[in-house]
Amino acid sequence: MMQFMQRVVKTLGRIWQQLIRLWKQWFRRSPPQSFPKKPESRVRFQTVKGPHNQPTKPLSAAEYEFLFSELLDGVHRGWSQAQVTQFLEEIGPASAVNLKDAEIESSDAEAYVLWLRQFGTRLLNSPVPNQELARRMVQLGALNCGKLSTVAGEIGQRLLDREANTPSPSAATPASPVASEFTLEHYLQLGQIHLDRRQYPSALTTFEQAATHSPNHPEVLYGLGLVCHRMGLYQEAVGHLSEALAQKPEFVAALTQRGLAYKSVDDFDAATADFESAVGMKPNTPEESCARGKALMQLKQPEEAIAAYEEALTIHPESHRGWYDWGNVFYDLQRYDEAIAAYDKALDLQPDYAAAWFNRGASLGNLHRYKEAIAAFEKLLEIQSHDYHGWLCLGQTLERLHRIPEAIAAYERALQLRPDDPTAWRYRNAAMLDLKKS
């Protein structure tokens, strides 16, 4: 599975605006009215440098991957040498755990460089093409920002050289139709697994691999549109979903998802048109009924949406995504007990469904069942230890039970993942003040 992890979550540091608005209402100086359900789309935010007393708990290798992807994404968007240097300074010199490489010279002892060399070895040993990742690493190397930059550039160039010397798949014996279809199905299923776990860059890599086999396949294009939307790449999402609809005009899920992408860029007329088109179609599968239900919710027709999900789940009760979406309908209606029941159904079918654990925790929090909410957030963090929002919400829930030292530890874990996030710094510093007063 590691071969699909090269483009690790580059959206780690992007705070969702909707979530921030809700969290501001939730800040302890002004008690929150509700726990926020995690939205499925993100937007970028401007970095704000926080206090200099960075948390000192070592980062794991997986967390270094997420930070490195955030760095590469910044470079791709045009960060200057000074911005890259500031980013590296904010991460700090903490050492990662479980990093072993006997060949590293003593001058390379900084944990980030240690990790990067091991990461590069995995990339070079993987048969999967990594051209976009390689180009970004070369771009980082060209900025000449120290040892990390140099090592990244070297690894990226070696990846590009390897791809240039690799025979084209067309030169090999063509695969049989059965083998090609099996490979496509494998990629589609794996892409959905990454989506369920909120491993969006890995999902993007997987769907891009599927596109090399079937570039015009509507399900592949839909997958690309869905993951782009989750990563906050809304215009790209609209483009992929429009291509999917060109191949399959009555693709209800693609229409609904494109409507959501239009809504994210404030094109409400286009969004409404897509939702109405989706609602006007007769669903032929349970998945289409669920997509129609999501469109009905966007059109503020909740009872009709519930009926659509009931129909779908009666026919297809093993759909964990259907149960999750149905739980979101109840959540939005503040019917939290019913939401929890739906999330539980989803988790019975897919125990590592990260988004369901988060929203289950939020629902429990809204019912003031804080101990159970903490257990849900902790389960989420077992699955995804890099989940910034999970650590932040765990800290806030712990504060509800006056477990201030544990809350501070959770905030510091969030700050390891996003050292320049003002929201986490504010919560941590306020909790520190509360601890001193107690």
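Residues numbered from 1 in each chain as written. Predicted model: local features only at pLDDT ≥ 70, side-chain atom pairs only at ≥ 80, totals over all residues. Heavy atoms only, no water.

Chemist: Residue-level account of helix α9 (residues 218–230), with values.
Modeler: Between the first and last C-alpha of α9 there are 18 Å, a value that for 13 residues agrees with the 18 Å anticipated at 1.5 Å per step. Of the positions making up α9, those classed as buried are P218, V220, L221, Y222, G223, L224, G225, L226, V227, C228, H229 and R230. Count one or two residues on from α9 and you reach G232, which has phi positive near 80 degrees. (Helix = DSSP H or I, 4+ residues; strand = E, 2+ residues; numbered from the N terminus. Expected span 1.5 Å × (residues − 1). Buried < 20%, exposed > 50% of the residue type's maximum accessible area, 1.4 Å probe, protein only.)

Chemist: Break down the environment of E406 for me, with residues and values.
Modeler: Relative to the helices and strands, E406 resides in helix α20 (residues 404–417). Sequence-wise, E406 and L394 are twelve residues apart; in three dimensions their C-alpha atoms are separated by 9.2 Å.

Chemist: Break down the packing of aromatic side chains for me, citing the residues and quoting the values.
Modeler: Taken as a whole and assessed by the stated rule, the structure comprises eleven aromatic pairs. Taking 5.6 Å as the distance between ring centres and 45 degrees as the angle between the ring planes, the aromatic pair formed by W323 and W326 counts as tilted. Of this pair, W323 and W326 both sit in helix α15 (residues 320–332), three residues apart, which is roughly one turn of the helix. Classification of W323 by relative accessible area gives buried; the value is 13%. (Phe/Tyr/Trp six-rings, centres within 6.5 Å; stacked < 30°, edge-to-face > 60°.)

Chemist: Kindly report on the UniProt feature "repeat: TPR" (unreviewed entry) in the protein chain, identifying the contributing residues and their values.
Modeler: The residues that UniProt annotates with the feature "repeat: TPR" (unreviewed entry) are residues 184–217, 218–251, 252–285, 286–319, 320–353, 354–387 and 388–421. Across residues 286–319, the secondary structure splits into 79% helix and 0% strand, with the terminal C-alpha atoms separated by 9 Å. Between the C-alpha atoms that bound residues 354–387 there is a distance of 10 Å. The span itself is 79% helix and 0% strand. (UniProt positions renumbered as here; feature names shortened; annotations may be inferred.)

Chemist: Describe unusual backbone geometry, with residues and values.
Modeler: Of note in this structure, H368 is not a glycine but carries a positive phi near 65 degrees. Looking at where H368 falls in the secondary structure, it is placed in the loop between α17 (354–366) and α18 (370–383). For H402, which is not glycine, the phi torsion reads 60 degrees and is therefore positive. On the secondary structure map, H402 appears in the loop between α19 (388–400) and α20. Classification of H402 by relative accessible area gives exposed; the value is 68%.

Chemist: Before we move on, could you go through the pattern of salt bridges and cite the residues and values that matter?
Modeler: Using the criterion set out here, one finds ten salt bridges in the structure. The salt bridge partner of R369 is E372, with a shortest N-O separation of 2.9 Å. Among the ionic pairs, E406 bridges to R403, the shortest N-O distance being 2.8 Å. In this structure, a network of salt bridges that share partners links the residues E303, R335 and E338. (Salt bridge = Lys/Arg side-chain N within 4 Å of Asp/Glu carboxyl O.)

Chemist: I'd like to hear about the side chain of R258, residue by residue, with values.
Modeler: For R258, the location among the structural elements is in helix α11 (residues 252–264). Within polar-contact distance, the side chain of R258 engages the side chain of D274 at 2.7 Å. If near-sequence neighbours (up to four positions away) are discounted, R258 is found in contact with V238, L241, S242, L245 and D274. (Polar contact = N/O pair within 3.5 Å; in protein donor to acceptor, adjacent residues only side chain to side chain. Contact = heavy atoms within 4.5 Å.)

Chemist: How would you explain the nonpolar core if you had to name every residue and give the values?
Modeler: By size, the foremost hydrophobic cluster in this structure holds 94 residues, and its most contacted members are V227, W326 and L394. Once you skip the residues sitting within four places of it in the chain, L394 turns out to touch I374, F377, E378, L381 and A410. By size, the runner-up hydrophobic cluster in this structure holds 27 residues, among which are V84, F87, A152 and L159. (Core = buried A, V, L, I, M, F, W, Y, C linked by side-chain atoms within 4.5 Å.)

Chemist: A description of a negative patch on the surface should follow, citing residues and the corresponding values.
Modeler: Residues E185, E219, E287 and E318 make up a contiguous surface patch of negative charge. On the secondary structure map, E185 appears in helix α7 (residues 177–196). (Patch = residues over 30% accessible without salt bridge, like charges linked within 9 Å, V, L, I, M, F, W, Y side chains within 5 Å. Areas by Shrake-Rupley, 256 points an atom, 1.4 Å probe, with all protein chains shown as cover. Lys, Arg positive; Asp, Glu negative; His and termini not counted. Charge placed at Lys NZ, Arg CZ, Asp CG, Glu CD.)

Chemist: Pulling in residues and values, what's your account of α11?
Modeler: For α11, which comprises 13 residues, the first-to-last C-alpha distance of 19 Å matches the rise-based estimate of 18 Å (1.5 Å per residue) to within 8%. Among the 13 residues that make up α11, eleven are buried, leaving the element largely enclosed by the rest of the structure. The complete set of buried residues in α11 reads V252, A253, A254, L255, T256, Q257, R258, G259, L260, A261 and Y262. Phi turns positive one or two residues past the end of α11, at D266, with a value near 65 degrees.

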